Amino acid sequence: MPQRHLKTDVVVVGAGPTGLMLANCLARLGVGVVVLDGKAAPTRESRALVLQARTMEVYDQLGMGDRVLAAAEKAGAIVPGFEKRRFRAVNLRRLAEGVTPYPHLYVLEQSENERLLVENLSALGVEVQWNHEFESLTPQAGGGVEVRSSGDELIISAKYCVGADGSSSLVRSIAGIAFEGVTNLHTFYVADAVGVRGLALDSINLRFGERDFLLTFPMGAHDHERLLGVVRTPENEPVPEEAVREMLDRVFSVTYASTRWFSTYRVHHRVAARFRAGPVFLAGDAAHVHSPVGAQGMNTGLQDAHNLACKLADVLAGRAPENYLDRYEAERRPVARRLIGTTDTMFGIVTSDKRAARLFRRWFIRLLAPIGTSVIPRFGASSRLFEYVSQTRIHYWMSDEAKRAAHGRRGKVVGRRLPWNGDNYESLRAMSWQVHVYGTFDEAVAKRLEDELGLSVSTFSEARHRRLESGRFYLVRPDGFVAASARPHTAVVALAAALPWVSI
């Protein structure tokens, strides 16, 4: 085939959820982008399938929230249990009250996320370059990169390259970035099962056992479920589906009629040593992988993409200096490290053969978990648990200087995604730097912010969220995170100091 030469701002290697989200955000922000992938079309079978509330908020920013909601299955409760016994359901809406407009877990497998993202990307005027396997990446003397597909059929010149090409990332390898961590000894299974019996319906079921565990997700139809768990076999020994079926019936009294597909895989816990090497960035599984316990992986990759796209857009538009892109690694790598640490601990609890872990699963979970599911929702702090799981509690340091000045103490609003006030998220769809103010406010200061800093100011009648202060001005980044806040008498100077393009 003849060679094709393309020139763009950003080339994205990999058209999985992370790469497609990145491309959608970039296109939405007016950045030129090319996406290439060796596959012929989006994935059909996938392990990732849960969207957390924070990811739904990102989809809403892109104007895709309603379409994703229509395609997803809502799981309004988590039903824990021990082997054949079910405990009281934990109502997610109750935990999420006042936190987010998306108070559920949303079951939408990776393939459906990809389909929706491809459709939206096409509507934005960008088509994925399918059947183009990434082969080489060469930094250019004058800046930027040259990317070639196999056989040199496609040659792309770009200012930046993002590797969203999965855990075996060739982009990461070429960039010389280490992928630090371990591979777990146990084998995970995943089954797309129909005719399932023995589970709580329309809920996520989490069953522990002395040696086994089972995690299930409703897939829409009354008896269609995705089943995940661990099989204890010698390394590299194949795991037949019948062995899993027998274990599920014997240990959990869960049965199914048939599977649409069944697969097994090893679980890795790894994080890239760097998320940036010059004009090359890593995102999603190319940057971090971990166990599916907690249903965080795909969400973390989608949010990597959202964060990076907003920064690239600011730099490419001249609103921020080149070194502003270093904030991507500074913000997202700590998130990945904490996530891997948490999921590694959780995975150890549910799979370890050590005596202490077995005793914990046998006695603590069996005896105390039923009490916990009744008591936890009654406490005000229970919403914090939802915030951690839903990724709505993530905190970024806005600068190294801010971190030093705070002595490591994180703020309640600055560095976090804008608290949901019930009426303040629609303005975030502009994906722009903006100011929010709630309740009675100083109109003269608001006008100065518009005139002197070129910022739009959104006003709201009252501060309903406990973390928002009436009359205070909040500077909100394009990704929805609060970059600074100030009372009226210091607002212009304080907010200007937090903008990447203004110096006072």
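Residues numbered from 1 in each chain as written. Predicted model: local features only at pLDDT ≥ 70, side-chain atom pairs only at ≥ 80, totals over all residues. Heavy atoms only, no water.

Peer 1: Would you mind going over helix 2 (residues 53-61) with me for this structure?
Peer 2: With nine of nine residues buried, helix 2 lies mostly within the body of the structure. For helix 2, the set of buried residues is Ala53, Arg54, Thr55, Met56, Glu57, Val58, Tyr59, Asp60 and Gln61. Directly after helix 2, the chain includes Gly63, whose backbone phi takes a positive value near 80°. (Buried < 20%, exposed > 50% of the residue type's maximum accessible area, 1.4 Å probe, protein only. Helix = DSSP H or I, 4+ residues; strand = E, 2+ residues; numbered from the N terminus.)

Peer 1: Would you mind going over the environment of Ala491 with me for this structure?
Peer 2: Mapped onto the secondary structure, Ala491 falls in helix 14 (residues 491-498). The buried category is assigned to Ala491, whose relative accessible area is 0%. Each C-alpha atom of the pair Ala491 and Arg472 lies 8.3 Å from the other, and the pair is 19 residues apart in sequence. Excluding its chain neighbours within four sequence positions, the residues that come into contact with Ala491 are Val445, Leu449, Phe473, Ala486 and Ala496. (Contact = heavy atoms within 4.5 Å.)

Peer 1: What is the right way to look at the sheet that holds strand 22 (residues 473-476) in this model?
Peer 2: By definition, the strands of a sheet pair up through backbone hydrogen bonds, in either a parallel or an antiparallel sense. What the four strands build is an open sheet, ordered 21-20-22-23; its pairing is mixed. The open sheet has two edge strands with one neighbour each: strand 21 (456-460) and strand 23 (482-486). Direction aside, neighbouring strands of the sheet carry axes that sit 25° apart on average. The pairing of strand 20 (residues 434-438) with strand 21 spans five bridges and is classified as parallel. Residue pairing for strand 21: Val437 is matched across the bridge by Thr459. The strands touched by helix 14 are strand 20, strand 22 and strand 23; relative to strand 23, the strand with the most contacts, the crossing angle is about 165°. (Pairing = 2+ DSSP bridges. Axes fitted to C-alpha atoms, helices over the stretch in contact; angles between N-to-C directions.)

Peer 1: What's the story with the environment of Leu137 in this structure? I'm lost.
Peer 2: Assignment of secondary structure puts Leu137 in strand 9 (residues 134-139). By relative accessible area, which is 10% here, Leu137 ends up buried. Sequence separation between Leu137 and Arg148 is eleven residues, and the spatial gap between their C-alpha atoms is 6.6 Å. Other than its neighbours up to four places away in sequence, Leu137 contacts Val145, Glu146, Val147, Cys161, Val171, Ile174 and Val280.

Peer 1: It is not clear to me how the packing of helix 1 (residues 17-28) against helix 8 (residues 297-316) should be interpreted in this structure. Could you clarify?
Peer 2: Between two packed helices, both the angle of their axes relative to each other and the distance between the axes serve to describe the pair. Two elements in contact, helix 1 and helix 8, have axes whose closest approach is 8 Å; the angle formed by their N-to-C orientations is 30°. Between helix 1 and helix 8, the angle falls in the class roughly parallel. Considering the relative orientation of helix 1 and helix 8, their crossing is right-handed. Here helix 1 contributes Pro17, Thr18, Met21, Leu22, Cys25 and Leu26 to the contact with helix 8, which in turn contributes Met298, Gly301, Leu302, Ala305, His306, Leu308, Ala309 and Leu312. Classifying every residue of the contact of helix 1 with helix 8 by side-chain character gives eleven nonpolar, three polar and no charged. (Parallel < 35°, antiparallel > 145°, perpendicular 65-115°, else oblique. Left-handed = near helix turned anticlockwise from the far one by under 90°. Nonpolar A, V, L, I, M, F, W, Y, C, P; charged D, E, K, R; others polar.)

Peer 1: Sorry if this is basic, but what is going on with the pairing of strand 23 here?
Peer 2: The side chains of a regular strand alternate between the sheet's two faces. Summarising burial for strand 23: five of the five residues are buried, a large majority. Both strand 22 and strand 23 contribute to a ladder of four bridges, which runs antiparallel. The residue bridging Tyr474 from the neighbouring strand is Ser485, located in strand 23.

Peer 1: What exactly am I supposed to notice about the sheet that holds strand 3 (residues 50-51) here?
Peer 2: Here we have three strands laid out as an open sheet, ordered 3-8-4, and antiparallel in their pairing. Pairing within the sheet leaves two strands with one partner each, and these edge strands are strand 3 and strand 4 (73-75). The pairing of strand 4 with strand 8 (residues 105-107) spans three bridges and is classified as antiparallel. Within the sheet, the bridge partner assigned to Glu73 lies in strand 8 and is Val107.

Peer 1: Can you walk me through the packing of aromatic side chains in this structure?
Peer 2: Any aromatic ring pair is given by two values, namely how distant the centres are and how the planes are angled relative to each other. Tallied over the entire structure, the rule returns ten aromatic pairs. Ring geometry for Phe188 versus Tyr265: centroids 5.6 Å apart, planes at 20°, classification stacked. Residue Phe188 is found in strand 12 (residues 179-194), and its partner Tyr265 is found in strand 16 (residues 258-272); the two are separated by 77 residues along the sequence. Judged on exposure class, the residue Phe188 and its partner Tyr265 are both buried. Look at Tyr396 and Phe481: their rings are 4.4 Å apart centre to centre, the planes differ by 20°, and that puts the pair in the stacked class. One end of the pair, Tyr396, is in the loop between helix 11 (382-390) and helix 12 (400-406); the other, Phe481, is in the loop between strand 22 and strand 23, with 85 residues separating them in the sequence. (Phe/Tyr/Trp six-rings, centres within 6.5 Å; stacked < 30°, edge-to-face > 60°.)

Peer 1: What should I look at first to understand unusual backbone geometry in this one?
Peer 2: With the exception of glycine, most residues fall at negative phi, and the peptide bonds are largely trans. Not every positive phi belongs to a glycine, and Asp202 is a case in point at roughly 55°. Examined against the element boundaries, Asp202 turns out to sit in the loop between strand 12 and strand 13 (204-208). Here Ser253, not a glycine, exhibits a phi torsion of approximately 55°, which is positive. Tracing the chain through its elements places Ser253 in the loop between helix 7 (241-252) and strand 16.

Peer 1: Would you explain the side chain of Asn307 in this entry?
Peer 2: Along the chain, the position of Asn307 falls in helix 8. A polar contact is formed between the side chain of Asn307 and the side chain of Glu331, at a distance of 2.9 Å. Contact partners of Asn307, with chain neighbours within four places excluded, come to Tyr328, Glu331, Arg332, Tyr396, Arg477 and Asp479. (Polar contact = N/O pair within 3.5 Å; in protein donor to acceptor, adjacent residues only side chain to side chain.)

Peer 1: Got a minute to help me understand the side chain of Thr392 in this structure?
Peer 2: Within the secondary structure, Thr392 sits in the loop between helix 11 and helix 12. Separated by 2.9 Å, the side chains of Thr392 and Ser390 make a polar contact. Once residues lying within four places of it in the same chain are set aside, the contact partners of Thr392 are Ala53, Arg54, Glu57, Val99, Glu387 and Arg417.

Peer 1: Mind showing me how you'd approach empty space enclosed by the protein here?
Peer 2: This structure, assessed with the given rule, holds four cavities of 30 Å³ or more. Estimates place the volume of the largest cavity at around 60 Å³. Those elements giving two or more residues to the lining of the largest cavity turn out to be helix 2 and helix 8. Broken down by element, the residue count for the lining of the largest cavity peaks at three residues, all from helix 8. Within the lining of the largest cavity, the residues separate by chemical class into three nonpolar, three polar and three charged. (1 Å grid on protein atoms, 1.4 Å probe; cavity = no way out; pocket = protein on both sides within 12 Å on 5 of 7 lines; lining within 4 Å. Points joined across faces, edges and corners; volume = space filled by probe spheres on them.)

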